[in-house]
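Residues per chain, in single letters:
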Amino acid sequence: MSTIRLTMAQAVARFLTAQKTEIDGEILPLFGGVWAIFGHGNVAGMGEALHGVRDQLPTYRAHNEQGMAHAAIAFAKASRRRRMMACTTSIGPGATNMVTAAAVAHVNRLPVLLLPGDVFANGRPDPVLQQIESFADGTISANDCFRPVSRYFDRITRPEQIIPALQRAMSVLTDPAECGPATLALCQDTQAEAYDYPESFFAEKIWTPRRIRPDETELAQAADLICKSRKPFIVAGGGVLYSGAESALADFAQKHGLAVGETQAGKSSLPHDHPANLGAIGVTGTGAANAFAEDADVVIAVGTRLQDFTTGSWALFRNPKRRIVGLNVQAFDATKHNAAPLVADARVGLEELSRALGDWKAPEDQAVKARDEKARWFDAAARYTDPTNVELPSDAQVIGAVQRASSPTDVVVCAAGGLPGELHKHWKASAALGYHMEYGYSCMGYEIAGGLGVKMADPSREVIVMVGDGSYLMMNSELATSVMLGHKLTVVLLDNRGYGCINRLQRATGGESFNNLLQHTNHVTLPEIDFAAHAAGLGARSVKVKGIGELEDALKKARSADRSTVIVIDTDPLASTDAGGHWWDVAVPEVSVREQVNKARRDYEKALATQRVGD
Ligand SMILES: Cc1ncc(C[n+]2csc(CCOP(=O)(O)OP(=O)(O)O)c2C)c(N)n1
Ligand SMILES: [Mg+2]
């Protein structure tokens, strides 16, 4: 067996360069790059190793470990999980800064290889700078915070241990069902230790997507349920896009006469103007999709985790005879709420289900109803996004302007605040992956860093990031990275001077406006933040616009700019789209001295009675 003498860190770097992926017949590096912020925990080991492979595997310097991991996660999502990135940090704060991003990847089932530095395996210099020191357990370091938010975790204390650890990490990162973050905590001294690694460990490996085929019995049971249904309805989740099942879904819906509602992760599975596409489903759903969801006797849930925003906290699918067919690559999701599981890849699952259904078609009245409901929804929704000259436009009016200035291949990116709900209802996505919403963790601060990852995954598409003032203030520094790397973003920053959506939620649950909008906070000076100046300071083009007309002009200029642009617009914190939507379970206090809360509690209890438990 021929061997090569390398440090553990050099072995990691070399191994990563050997991992490839095949996309449309083209062999590409599986890892699009490594994000790195160095400190004493990784600069000498991983830093030197990454320098050695910089021509095959680019290293990118970010400004915040959470931000860089958001970019990596967005890159994987925009690549349909077929390409990914790694992230290396120092020990201590650099590592724990990345824990929130690990949770983002975990919830959203997105692959990212996290390589935090760790304390000395030999313990000789203990405690090193940034070592947290557990009094009770010598095996604990800050990196144990990654355990609950990693699909695979290992701490590397011997150089040869990296061989099985990397192989296991790869199996998780590339498995459609298990997919999520893999964390290998790399002890600082071990990174620098040498070992005679077998050459075979570094042989080129081409990863292809595993397409799980359905079990015959599950397939027959699912087909039987659907054939007996009179009001079937499809829910399309993110799994449709990860599987590349858009055409399979369109064929399935058309052949069997079914309508489709899209989750936040599933939006853009079908073009907005496809007759079967009734748009968003759930708490932030369209009136059309929700009308179908309420009546459905069989819900065909394709590639969705069925989180509460999709199920209306399990009060949306209210037909008493309703069953769910769970077409999902992960049995954990396929069996939720007593669903009839159909464990399979979305694309082959839909194809085989279609074969099993033969000529069966949903009753004709369903297609007529879909047409009517869709027309009614668009009539109702249009007025929210129409042009206006009001001084403080709503989020929906800003969305209308962005939509009018966009082209069908653009990607809109968002994550938290009031915007996700408004975008889910109103955004008209044409091309697949044109709607990139992180709504599994809805992590404030994802937007700009995420937009950068999306742009890196496909530089040919214009990327429009929509972000609230709160989210922007929480994390914006990868804007400077986008300028540095020449990956242009258009950022539309909606300044409603605070946490608008939480203030609205507070009011809706009977609370007094308190601690959300800046005006309702403890303060000596009410902040008047000059976001345009801030963005310019980070190197971006920036402009503050007044109203929708100026916004449309600025969007046109941003499109032809060669650098990231931030367009700031003041918006109304109180307005939101009241058409469509559905109840969401947010627990209201059972006792209070405030009558508004008691009233909200009475309404809450009525709504709770509509929630289905378990079935
Ligand atoms: C990291 C993080 N902290 C807290 C929250 C809870 N949260 C959701 S939206 C929101 C306010 C967002 O404010 P902004 O970005 O200005 O959007 P707006 O609500 O005003 O539309 C908060 C605090 C969150 N989603 N993520
Ligand atoms: Mg705000």
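Located above this text is the structure these notes cover.
This one's a predicted model, so the numbers in the text were calculated from it and none came from an experiment.

**Some thoughts on the site of ligand 1**
Next up, step 1: Around ligand 1, the surrounding shell holds 15 residues, and the nearest of these are Ser 442, Asp 469, Gly 470, Gly 500 and Cys 501.
Next up, step 2: Gly 500 is positioned such that a nitrogen or oxygen atom in its backbone is 2.8 Å from an oxygen atom of ligand 1.
Next up, step 3: Residue Cys 501 places a main-chain N or O atom 2.8 Å away from an oxygen atom belonging to ligand 1.
Next up, step 4: Contributions of two or more residues to the shell around ligand 1 are made by helix H19 (469-474) and helix H21 (500-508).
Next up, step 5: Among the elements that take part in the shell around ligand 1, H19 stands out by supplying four residues, more than any other.
Next up, step 6: Grouping the constituent residues of the shell around ligand 1 by class yields five nonpolar, nine polar and one charged.

**Here we look at the environment of Met 84**
Next up, step 1: Position of Met 84 relative to the elements: it lies in strand S6 (residues 84-89).
Next up, step 2: Taking C-alpha positions, Met 84 is 43 Å from Glu 391, a pair spaced 307 residues apart along the chain.

**A short note on the sheet that holds strand S21 (residues 490-495)**
Next up, step 1: Spatial ordering of the open sheet is given by S19-S18-S20-S21-S23-S22, a layout of six strands whose pairing is parallel. Sheet topology places strand S19 (435-437) and strand S22 (541-545) at the edges, where each strand pairs with a single neighbour. Looking at each pair of strands side by side, their axes are set apart by 20° on average, direction ignored.
Next up, step 2: As paired strands, strand S18 (residues 411-414) and S19 are joined by three bridges and run parallel to one another. Residue pairing across strands places Val 412 opposite Tyr 435, the latter belonging to S19.
Next up, step 3: Sheet strands in contact with helix H17 (residues 419-426) are S18, S19, strand S20 (463-468) and S21, and its direction is about 150° off that of S19.

**Concerning the sheet that holds strand S11 (residues 205-207)**
Next up, step 1: Read across the open sheet, the three strands follow the order S3-S2-S11; overall the sheet is mixed. In this open sheet, the two strands that pair with only one neighbour each are strand S3 (26-29) and S11. On average, each strand axis in the sheet is inclined to that of its neighbour by 40°, with strand direction left out of account.
Next up, step 2: Sheet topology note: the strand S2 (residues 19-23)/S3 ladder contains four bridges and is antiparallel. Note that in S3 the partner of Lys 20 across the bridge is Pro 29.
Next up, step 3: Along the sheet, helix H1 (residues 8-18) contacts S2 and S11; its crossing angle with S2, the most-contacted strand, is approximately 20°.

**Some details on the packing of helix H8 (residues 216-227) against helix H14 (residues 346-357)**
Next up, step 1: Where H8 contacts H14, the axes come no closer than 9 Å and their chain directions differ by 60°. For the element pair H8 / H14, the angle class is oblique. Read as a crossing pair, H8 and H14 show a hand that is right-handed. In contact with Leu 219, Ala 222, Ala 223, Ile 226 and Cys 227 of H8, H14 contributes Glu 352, Leu 353, Ala 356 and Leu 357.

Cut-off values and rules
Residues numbered from 1 in each chain as written. Chains lettered and ligands numbered in written order. Predicted model: local features only at pLDDT ≥ 70, side-chain atom pairs only at ≥ 80, totals over all residues. Heavy atoms only, no water. Near = heavy atom within 4 Å. Polar contact = N/O pair within 3.5 Å; in protein donor to acceptor, adjacent residues only side chain to side chain. Helix = DSSP H or I, 4+ residues; strand = E, 2+ residues; numbered from the N terminus. Nonpolar A, V, L, I, M, F, W, Y, C, P; charged D, E, K, R; others polar. Pairing = 2+ DSSP bridges. Axes fitted to C-alpha atoms, helices over the stretch in contact; angles between N-to-C directions. Contact = heavy atoms within 4.5 Å. Parallel < 35°, antiparallel > 145°, perpendicular 65-115°, else oblique. Left-handed = near helix turned anticlockwise from the far one by under 90°.

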